[in-house]
Amino acid sequence: MSTRVGLIINPDAGKDIRRLVSSASYTSNFTKVELGKRVVMGLNASGVDEVLIMHDNYGLGEDVVNMLSTHINTRLTLVETKGSGTVQDTLVAAERMRRSGIKAIVVVGGDGTLRAAFKSCGSDLPMVCVAAGTNNVTGAYYDATLAGYAAGLVATGVVGGECLRSAKALEVLINGRSSDVAVIDVAFMRKSYVGAKAIVDVSDIVYAIFSKGEPTDIGLASILGFLDPTPFESDRGCFVEFGDGGLEVKAIIMPGEFRVVRIKDYKNLNVDEVVSIPSGRYVVALDGERELEVYEGDSVSVRITRKGPLLINVYKVLNTVSGACKRGASFGRRS
Amino acid sequence: MLTQDKLLDMYYRMVLIRAFEDRVHELFTQGKIPGFVHLYAGEEAVAVGVISHLRRGDYITSTHRGHGHCIAMGVDVKGMMAELYGKKTGTCRGKGGSMHIADFEVGMLGANGIVGAGGPLAVGAALAAKYKGGGGVVVCFAGDGAQNQGAVLESLNAAAIWKLPIVFVVEDNQYAISLRSLSSTKLQPRVSTARSVAERAVAFGIPSVTVDGMDVLAVYEAAKAAVERGRAGEGPSLLDCKTYRYYGHFEGDPMVYRSVEEIDEWRKKDPIKLFEEKLLKSGIATQAILSDLRRKAALEVDEAVKFAEGSPYPEPSEAYTDVFTDPYY
């Protein structure tokens, strides 16, 4: 049976309003195609038989196929979507890839892209995100070739579960119904509309629940990173109430942008714990993007779970292979 | 913070644009309006979301599809309709028609029959604003097709090197006349196409963002950041707004280049309906308030049509007046 891996290149990642209000770089389509090519070259080297690539409105996936398909052994196949130009394309493509039996998925984008792929692929499929977004808490900053190679070595079974780590997830329940899921943080904001989505003003945030935040993260996770560092591996999360009267934390909310954030109170959460949010009118941001609106009278809670994305530890994969190579083993294709 | 008054004013301007354009569509079909018209219906969120940030002393340059920009800037609707009819009471005394409505009093430097010609005008106006000081800003509206005009690219360059207070707003309504923007803007030099003019701005050193042009609040928020940059002397910005026009490129366009299904898909994301839902859900407005505003807009357009139809044409003896400006040199 052939080994398949999925590849999603998000055309919209790294292009939002934060280009105007911070020092965030614009991630061009040209850059994304090059990243996608490097992922595919890594997958090809690992011996993967077929890569399923999302067909997007901008033709980025198509470019990768056109440029590489006659030069490599791995078969490249475009996966059609409705071409909505929205996150829906990623959701549909990832779902189709999962049904096609992929053994791993690589996304080129930011935390939002990884989250969308996770929503369609679930917590059992190994995935890796090549950083092409804005804050990139989940994204690998290794060269995309290495990320592709590592994903391929996982997919072909050269390395196993020891090179994977389960992230946590934050399930948002509105009126008892599971309404959405985030991977890193859920923020409740006093704002009347979703608008341009990205969070640019932390003073709007009233409550936030984190599954992860380390000092090397930026975005909202940076707040937890300086307040109470929490890796994905740990079995806890954190609930933070914003406001005067407690601590002040200097965090990096967007690239180049430090903000002093006032923390009224915070408490650790155990996995499977549910936090109820006081009733009110909020806009809810999931992994830094405003997505949901809740209203006075809605019953809203957030549950932290262990069922987050199964992330590929690129460093560990390559280190494992490196050790085996020293002992004379070889992996993947010769050319 | 957007107040209730401001939000409802934005809604009113959007429904007024829609009511105006839907009526012009009918009137043109009935043979009542001479010349060419290009309708803005479907793109209301862009004009209103951006122009809501402007104040007296700011300017805009527009396009052949300029009715929405005019209404959002506050150009008198009666005068606009009379202008479309070619009547003496029109904004330009009936000499300009749909594609040349200009009203300097409100900062509207003109619709423009030449694709991309607003770019150099915006550069001039922004240079003046910078010279005078006071934080004035110029918004340059242009379509996706215009981004392939040399004058537009020269304008981006001039705005960047002179650090001018311009917000370039690209209204990517998916088609340059009948050519899909996917095919007309090639940003992957070696291979196929990738449509995003925001990429080009980056090459000029101009910060740019891609915006959902069907969501007035998304446009509003991005435009706020861009206008603030201009007022603060930080130079130009570009907003690449993804939107859609409901009618053809021009009235009478058989639209053989796009399917009914495609139009229906975009209509599901209608900017006015989307905004209505938000206003209702958030308790900013009730259905009754929104109905009243829609009725008021329809009445304003009715009045404009009556005014236009009841107005006289210019005298033949006036054929050469108001056409050329007096040289001041």
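On a predicted model such as this, the values are computed, not experimentally measured, just so you know.

### Some remarks on the overall build of chain A
Phase 1 of the analysis: The helix and strand tally for chain A stands at eight helices and 18 strands.
Phase 2 of the analysis: Its C-alpha radius of gyration of 20 Å places chain A within 12% of the 20 Å reference for a compact globule of 335 residues.
Phase 3 of the analysis: By principal-axis analysis of the C-alpha atoms, chain A measures approximately 60 × 45 × 40 Å.
Phase 4 of the analysis: Counting all 335 residues of chain A, 61% fall into the buried class.
Phase 5 of the analysis: When contacts within chain A are restricted to residue pairs at least 6 apart in sequence, those whose partners lie at least 24 apart make up 69%.
Phase 6 of the analysis: Summed over its atoms, the accessible surface of chain A is roughly 12600 Å², and 47% of this surface lies on carbon and sulfur atoms.
Phase 7 of the analysis: Averaging the locations of the 38 positively and 38 negatively charged side chains of chain A gives two centres separated by 4 Å.

### Looking at the pattern of salt bridges
Phase 1 of the analysis: Applying the stated rule across the entire model yields 45 salt bridges over all chains.
Phase 2 of the analysis: Arg99 of chain A is the partner of Glu95 of chain A in a salt bridge, and the nearest nitrogen-oxygen pair spans 3.1 Å. Placement of the pair is Glu95 of chain A and Arg99 of chain A together in helix H4 (residues 87-99), with a separation of four residues, close to one helical turn.
Phase 3 of the analysis: Of the charged contacts in the structure, one is a salt bridge between Arg18 of chain B and Glu44 of chain B, with a shortest N-O distance of 2.5 Å. With a gap of 26 residues between them, Arg18 of chain B in helix H1 (residues 4-29) and Glu44 of chain B in helix H2 (residues 44-51) connect regions that are remote in the sequence. Per residue, the accessibility class of Arg18 of chain B equals that of Glu44 of chain B, and both read buried.
Phase 4 of the analysis: Shared partners join several salt bridges into a network, and the residues in it are Arg115, Lys119, Asp180 and Glu291 of chain A.

### Here we look at the pairing of strand E13 (residues 257-270) of chain A
Phase 1 of the analysis: Here strand E12 (residues 236-254) of chain A pairs with E13 of chain A via 14 bridges, running antiparallel. What sits directly across from Cys238 of chain A, in E13 of chain A, is Asn268 of chain A.

### So, the packing of helix H6 (residues 144-155) of chain A against helix H8 (residues 314-326) of chain A
Residues and elements named next belong to chain A.
Phase 1 of the analysis: Look at H6 against H8: their axes get within 9 Å of each other, and the N-to-C directions meet at 70 degrees. Judged by the angle between their axes, H6 and H8 are roughly perpendicular. For the crossing formed where H6 meets H8, the hand is left-handed. Facing Leu146, Ala147, Tyr149, Ala150, Leu153 and Val154 of H6, the residues of H8 in contact are Val314, Val317, Leu318 and Val321.
Phase 2 of the analysis: Residue classes in the contact of H6 with H8 are distributed as ten nonpolar, no polar and no charged.

### Observations regarding the packing of H4 of chain A against helix H5 (residues 111-121) of chain A
Residues and elements named next belong to chain A.
Phase 1 of the analysis: Running from N to C, H4 and H5 point in directions that differ by 40 degrees, and their axes come no closer than 8 Å. Comparing the axis directions of H4 and H5 gives the class oblique. Classified by chirality, the crossing of H5 by H4 is right-handed. Contacts between H4 and H5 pair Val87, Thr90, Leu91, Ala94, Glu95 and Arg98 from the former with Thr113, Ala116, Ala117, Lys119, Ser120 and Cys121 from the latter.

### As for the interface of chain A and chain B
Phase 1 of the analysis: The interface of chain A with chain B comprises 31 residues on the first partner and 35 residues on the second.
Phase 2 of the analysis: Both faces combined, the contact of chain A with chain B buries some 2600 Å², and carbon together with sulfur accounts for 56% of it.
Phase 3 of the analysis: Put simply, chain A and chain B have two salt bridges between them.
Phase 4 of the analysis: Counting across the chain A and chain B interface gives five residue pairs in polar contact (both at pLDDT 80 or more).
Phase 5 of the analysis: Sorting the residues of the side of chain A that touches chain B by element identifies helix H1 (18-21), helix H2 (29-46) and helix H3 (60-68) of chain A as the ones contributing at least two each.
Phase 6 of the analysis: Looking at the side of chain A that touches chain B residue by residue, the classes come out as 14 nonpolar, seven polar and ten charged.

### As for the state of the cysteines
All names here are of chain A.
Phase 1 of the analysis: Inspection of every chain in the model, using the stated rule, returns zero disulfides over all chains.
Phase 2 of the analysis: Among the cysteines around Cys121, which has no disulfide bond, Cys129 carries the closest sulfur, lying 13 Å off.
Phase 3 of the analysis: When its relative accessible area of 7% is taken as the criterion, Cys121 is described as buried.

### Notes on the environment of Arg165 of chain A
Residue and element names in this part refer to chain A.
Phase 1 of the analysis: Inspection of the secondary structure puts Arg165 in strand E7 (residues 164-166).
Phase 2 of the analysis: Residue Arg165 is classed as partly exposed on the basis of its relative accessible area, which comes to 28%.
Phase 3 of the analysis: Distance from Arg165 to Lys119, taken between C-alpha atoms, is 17 Å for residues 46 residues apart in sequence.
Phase 4 of the analysis: Excluding residues within four positions of it along the chain, Arg165 makes contact with Phe232, Glu233, Pro309, Leu310 and Leu311.

### Quick notes on the packing of aromatic side chains
Phase 1 of the analysis: Within the structure shown, the criterion is met by seven aromatic pairs over all chains.
Phase 2 of the analysis: Geometrically, the ring pair formed by Phe188 of chain A and Tyr282 of chain A is edge-to-face, given 5.6 Å between the ring centres and 80 degrees between the ring planes. Taken together, the residues Phe188 of chain A in strand E10 (residues 185-189) and Tyr282 of chain A in strand E15 (residues 282-286) connect sequence positions 94 residues apart.
Phase 3 of the analysis: With a centroid separation of 6.2 Å and an interplanar angle of 70 degrees, the aromatic rings of Tyr207 of chain A and Tyr282 of chain A are classed as edge-to-face. In this pair, Tyr207 of chain A sits in strand E11 (residues 205-210) while Tyr282 of chain A sits in strand E15, placing the two residues 75 residues apart along the sequence. The exposure classification of Tyr207 of chain A matches that of Tyr282 of chain A, with both residues buried.
Phase 4 of the analysis: By the ring-pair criterion, three or more aromatic residues cluster together here, those being Phe188, Tyr207, Phe239 and Tyr282 of chain A.
Phase 5 of the analysis: Sitting above the plane of the Phe258 of chain A ring, Lys250 of chain A keeps its charged end 5.7 Å from the centroid.
Phase 6 of the analysis: Taking NZ or CZ as reference, Lys296 of chain B lies 4.5 Å from the ring centre of Tyr12 of chain B, over its face.

### Looking at the sheet that holds E11 of chain A
Residues and elements named next belong to chain A.
Phase 1 of the analysis: Judged by pairing direction, the sheet is antiparallel, and its six strands sit side by side in the order E13-E12-E11-E10-E15-E16 without closing on themselves. The open sheet is flanked by E13 and strand E16 (289-294), the only strands paired with a single partner. For this sheet the average axis-to-axis angle between neighbouring strands, irrespective of direction, equals 35 degrees.

Criteria and cut-off values
- Residues numbered from 1 in each chain as written.
- Chains lettered and ligands numbered in written order.
- Predicted model: local features only at pLDDT ≥ 70, side-chain atom pairs only at ≥ 80, totals over all residues.
- Heavy atoms only, no water.
- Helix = DSSP H or I, 4+ residues; strand = E, 2+ residues; numbered from the N terminus.
- Rg over C-alpha atoms; globule rule 2.2 N^0.38 Å.
- Buried < 20%, exposed > 50% of the residue type's maximum accessible area, 1.4 Å probe, protein only.
- Contact = heavy atoms within 4.5 Å.
- Areas by Shrake-Rupley, 256 points an atom, 1.4 Å probe, with all protein chains shown as cover.
- Lys, Arg positive; Asp, Glu negative; His and termini not counted.
- Charge placed at Lys NZ, Arg CZ, Asp CG, Glu CD.
- Salt bridge = Lys/Arg side-chain N within 4 Å of Asp/Glu carboxyl O.
- Pairing = 2+ DSSP bridges.
- Axes fitted to C-alpha atoms, helices over the stretch in contact; angles between N-to-C directions.
- Parallel < 35°, antiparallel > 145°, perpendicular 65-115°, else oblique.
- Left-handed = near helix turned anticlockwise from the far one by under 90°.
- Nonpolar A, V, L, I, M, F, W, Y, C, P; charged D, E, K, R; others polar.
- Buried area = accessible area lost by both parts, 1.4 Å probe.
- Polar contact = N/O pair within 3.5 Å; in protein donor to acceptor, adjacent residues only side chain to side chain.
- Disulfide = S-S within 2.5 Å.
- Phe/Tyr/Trp six-rings, centres within 6.5 Å; stacked < 30°, edge-to-face > 60°.
- Lys NZ or Arg CZ within 6 Å of the ring centre and 35° of its normal.

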